[in-house]
Amino acid sequence: MIELKIPAAGDAVAEVQLVEWAAADGATVKEGDVLYSIESEKSVMDIESPASGTLQILEQAGGMFAVGHLVGRIA
């Protein structure tokens with residue numbers, strides 16, 4: 001199982017907003033697919049899947065999360 005955590009969005013950024021999920025909970029995703037988008041005060045980033053598998057969403061879009069926070073998994 002692969003954990004999906006909020007990545008660092010810059011040197012001084014400690015918290016970002018999870019803007020949207022590009023795939024639904026339970027969807028089959030492929031390595032390189034965009035999974036979700038995060039937004040800091042300075043930028044918006046699309047986060048790609050590190051592996052192929054089934055997406056499990058643990059946190060809903062719209063929330064603010066610290067860098068390193070677990071938001072989903074790929075099984």
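Please refer to the structure higher up on the page.
Anyway, here's the lowdown on the structure attached to this text. (Residues numbered from 1 in each chain as written. Predicted model: local features only at pLDDT ≥ 70, side-chain atom pairs only at ≥ 80, totals over all residues. Heavy atoms only, no water.)

1. Notes on the sheet that holds strand E2 (residues 15–21)
Under the convention used in this document: Only when DSSP finds a minimum of two bridges between them are two strands counted as paired. Where helices and strands are cited, they refer to DSSP runs of H or I of at least four residues and of E of at least two residues respectively, numbered from the N terminus. Note on geometry: axes are lines fitted to C-alpha atoms, helical ones only across the stretch in contact, with angles between N-to-C directions running from 0 to 180 degrees.
Taken in spatial order, the four strands line up as E5-E4-E2-E7 in an open sheet, and their pairing is antiparallel. Edge positions in the sheet fall to strand E5 (44–48) and strand E7 (64–66), since each has one partner strand and no second. On average, each strand axis in the sheet is tilted by 40° relative to the strand beside it, whichever way the strands run. Bridge count for E2 against strand E4 (residues 34–39) is four bridges, and the pairing is antiparallel. Bridge pairing in E4 links glutamate 20 to serine 37.

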